Amino acid sequence: MNDNNGTNPWADVSGPNMGYLLEQYDLYSMNPESVDQSFRELFDQWGEPSFEDSGAHDSEGSFISPNILFNKMRKLVAAISLADNIRLYGHTEADIFPLDKQPTNNLLDLASYQLTEADLREIPAEFICKENNNLNDGVEAIAYLKQTYTSAIGFEVRHLEPEKKEWLQKRIESTFTNEAISNQEKEKLLKGLVEAEAFEQFLGKTYVGQKRFSVEGLESLVPVMNEIVRLSAMDNIHDVMISMAHRGRLNVLTHVLDKPYEAMLSQFQHSEWKNKDLTLELTEGETGDVKYHLGAKKQKKINDRKITVTLANNPSHLEFSGTVAEGYTRAAQEVRTEKGYPQQDVSKAVAVLVHGDAAFTGQGVVTEILNYANTKAYGTGGTIHVIANNCIGFTTEPEDDRSTKYPSDIVKGYNVPIIHVNADDPENCMKAVKLAFEFRQTFHQDVLINLIGYRRLGHNEMDEPRTTSPLIYQAIDQHPTITEIYKKQLLTNKVLSESKIKEMEKEISDKLNLAYQNINQDQEPVRTIAQRHAAYQSDLPKVDTTVDNETLSQINNQLLEWPEGFNVFGKLKKILNRRKDAVDNHKKIDWGHAEVLAFASILKDGTPIRITGQDSERGTFSHRNIVLSDEKTGEKFSPLHTVGTSKASFAVHNSTLSETAILGFEYGYDVFAKETLVFWEAQFGDFANGAQVIFDQFIASGREKWGQKSGLVMLLPHGYEGQGPEHSSARLERFLQSAAENNWTVANLSTSGNYFHILRRQAALLQTDEVRPLVIMSPKSLLRNAAAGVYLEELTNGGFEPIIEEPGLGTNPEKVKRIVFTTGRLAVELSETVAKDKDAYDWLDIIRVEELYPFPKEKISHVLNKYENLEEIVWSQEEPQNMGAWSYIYPRLQELAPKDIEIAYNGRPDMASPSEGDPLVHKVEQKRIINNVLTQTVKSKKRMRKIG
């Protein structure tokens, strides 16, 4: 550097170079050894870099050197950076964990930015925090931000879109943390905590060892839920739909849904209690469920505002009821009385999903719910998520439970704001709820509260947690309860007196004791399974499912009327126009055609329809096409929205690529919207594997466990056509294995006519006591197979046929030696084969079993009684012997068979995989199965041999 003959060495330095020198000098000022020796020598001799001939002037006209300006600018930038990091990382130092203090974070420390309080005093407060006008300078502004972001409530909002981030920042930093809670509200809050704690302790002492999954350690959850309900009522929301697992459920039922203490204690006592409250619906099925899985519905009145609170039933699969509650919510938000898509109003209902910390990160259904939250098909205008964070999962501690700091971290990718709050600070819990609710109502998007507490007892009341988590429970044993902490706070602040608190505690204790005295102490007589089983023995009523010719012709024509100027894809247009030809010129109506006629006729009857699936608008196999796309503009149009005869809404949506959450949602929608025919369609039937929990825990058993009726229709493509193990079987055997007590209908249809009639029958049964889910093994190749089609008169006459006898066979009963029972696609293939020469098969009859469950016993018995010379009865199927209908059908057919005939099996042998992978092997197997049916065998002396 030029020394300028002993004058100022900085004279030739300007711009970025001067900035660099100032940075080096700052480092030198803190530690001379931290800079290069050449700089050290310069600074030793000349001091701070400065200019003599340029600069600025302050307000009084005094000269300010550029280096001072640079330094002040650097410190302003550093102060703003510190403020931003407090907003971003404040939660990492916040007092949000009741049992632990978080370590300090250097990013929140002045020294990390080479700042002092003196530096901050020179910075106007509005440069750092413009939302609070009561701050005098940067020192107060930084202190205020640290107080706001590192107290018992922490925020993660910086990952959001600018509009939402700015809204939240303004709300948080303006008046949020300093909003006063009145003494009356504090007293009410304490009472809620005392009630929650006293209830748990009473149960623990009175029913020692009985499971209740106590909320202790998270008692604040109860006032949190009540506050959400109160805010919803005050904002004219009609319905709050809650889902939660078992922990704390009894407390929420009692203190949020107002289930009487007598009702709850009677369940522990196993004594009779009768509900006389017309505003309270308690779930109860014939076979029942444990008390901490049951839900309820309560009509409440809050400050003259009416609101209905629903707590969804929940099996032990912790997070799965969340998607069911989302379905409830969407159904409650929609009006389905006009044609077109339903009219949705997200202000009518809100979903509140209470999650466990371990389950929230561990169970994939949570991510599926987050993923569909903003889609057209499943959005509910924002869900309020509450993680009831015990900081433990059964015996698993957080470091083994997840790979993230918080269980809430997974929502960041979905732009969901996160509010962490210490459950030991009930007042901040209320503030967290208010902010979350305001966000939901403002942006109609999801928001999450991470309510952090602990679990005072074990996983359940018989579990000893100290064997696996000794250190955690040492801390818990020494930690006062939330109620004790808040009582002390209110006493210290002289909000309530000791006598007033004792009076409150006595009142609550007396209420519990009185409830216990009032219940029936005698155990209710035990009803056996056989007695309970008898409740569901009723058959489906007879329903007229025909539609007259004139109506179907009118509907068919209107379905082919498209808006003027709408450009249907040429190839598709030709295919759709064949439907007019089929009706006008007595040609066969294929599967997709029969379906759309069924849909339109059901809409004419005033029944709304909703159908979703991964390709439901078009249909996986391009057979449906009920949403058309303009080939030039991409505009969408559904003819079912404009049919003149329609008296209800029609909703069709392509779903997200999920099974569990989507099926659960549709089940919830169906349960709530009882008048609506709701469909879920799997892309391929075996994709239903991904939703097995929903099938098992909700659809198959919901009525028996909870008295929860459903008319949901599930379309599961099924059929062996050489597509390999993963696209052949819808696992028919699983649905038949779970079939009992008329819990659902399982059908494997072979004609479009039967499909038409079974859909219309299902629609007619929706609001009857006999309604039940319908599982259909829907076809693939049969969709366009003429042999599966029917003529129009089969829709205008007749009805659904549980069995179909092969036309042309069995015309001479005394000659029939063999009856082959089969189902689905194979029945059509056999029919096509024998049709070539039916006279050659006078010894044979083929019976299609279309409705497998309920088993059509009388109709099959009637067929068998026709044939006096019968020698063989064969069940023939495409599936392996350990799959398909064989294990279900064999004992039922055997019961009806003549005593000297053993039911024979014809199909693939036992297999671990549903089918072979090679299409050539498939053809060989299929040919073998068909040949076995059509080849006569010789009767043995004792029993029929297994054919093939």
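Residues numbered from 1 in each chain as written. Predicted model: local features only at pLDDT ≥ 70, side-chain atom pairs only at ≥ 80, totals over all residues. Heavy atoms only, no water.

Here's the deal with a nonpolar patch on the surface
Nonpolar side chains collect at one region of the surface, where Leu88, Tyr89 and Leu107 lie side by side and expose about 220 Å² of accessible area between them. Along the chain, the position of Leu107 falls in the loop between α3 (66–89) and α4 (117–121). Judged by its relative accessible area of 35%, Leu107 is partly exposed. (Patch = residues over 30% accessible without salt bridge, like charges linked within 9 Å, V, L, I, M, F, W, Y side chains within 5 Å. Areas by Shrake-Rupley, 256 points an atom, 1.4 Å probe, with all protein chains shown as cover. Salt bridge = Lys/Arg side-chain N within 4 Å of Asp/Glu carboxyl O. Helix = DSSP H or I, 4+ residues; strand = E, 2+ residues; numbered from the N terminus. Buried < 20%, exposed > 50% of the residue type's maximum accessible area, 1.4 Å probe, protein only.)

What to know about the pattern of salt bridges
Opposite charge on two side chains permits them to pair, given that their charged atoms come into close proximity. Summed over all chains, the structure comprises 50 salt bridges. Glu216 is the salt-bridge partner of Arg212, the closest N and O atoms lying 2.9 Å from each other. Both residues of the pair, Arg212 and Glu216, count as buried. When the shortest N-O distance is used, the salt bridge between Arg610 and Glu666 registers 2.7 Å. In this pair, Arg610 is assigned in strand β14 (residues 609–613) and Glu666 in helix α23 (residues 660–672), connecting sequence segments 56 residues apart. Grouping residues by exposure puts Arg610 and Glu666 together as buried. Within this structure, Asp84, Arg87, Arg158 and Glu173 form a network of salt bridges that share partners.

So, the side chain of Arg249
On the secondary structure map, Arg249 appears in helix α9 (residues 249–255). Here Arg249 sits buried without a salt bridge, and the closest side chain of opposite charge, Asp289, lies 8.4 Å off (N-O distance). With near-sequence residues (within four places) excluded, Arg249 lies in contact with Met244, Tyr292, His293, Leu294, Gly295, Leu311, Ala312, Asn313 and Asn314. (Lys, Arg positive; Asp, Glu negative; His and termini not counted. Contact = heavy atoms within 4.5 Å.)

Some thoughts on the domain arrangement of the protein chain
What the domain assignment reports for the protein chain is domain 1 (19–46), domain 2 (66–173), domain 3 (183–521), domain 4 (549–797) and domain 5 (803–934). Distance between the C-alpha centres of domain 2 and domain 4: 57 Å. (Domains from an automatic or database assignment.)

Description of the packing of helix α7 (residues 183–206) against helix α10 (residues 261–269)
Two numbers describe a pair of packed helices, the interaxial angle and the distance between the axes. Here α7 crosses α10 at 25°, and the two axes come no closer than 12 Å. In terms of their interaxial angle, α7 and α10 are classed as roughly parallel. Viewed along their axes, α7 and α10 form a crossing whose handedness is right-handed. Between α7, through Glu195, Phe199, Phe202 and Leu203, and α10, the contact on the second element is made entirely by Tyr261, Met264, Leu265 and Phe268. Each residue belonging to the contact of α7 with α10 can be placed in one class, and the counts come to 7 nonpolar, no polar and 1 charged. (Axes fitted to C-alpha atoms, helices over the stretch in contact; angles between N-to-C directions. Parallel < 35°, antiparallel > 145°, perpendicular 65-115°, else oblique. Left-handed = near helix turned anticlockwise from the far one by under 90°. Nonpolar A, V, L, I, M, F, W, Y, C, P; charged D, E, K, R; others polar.)

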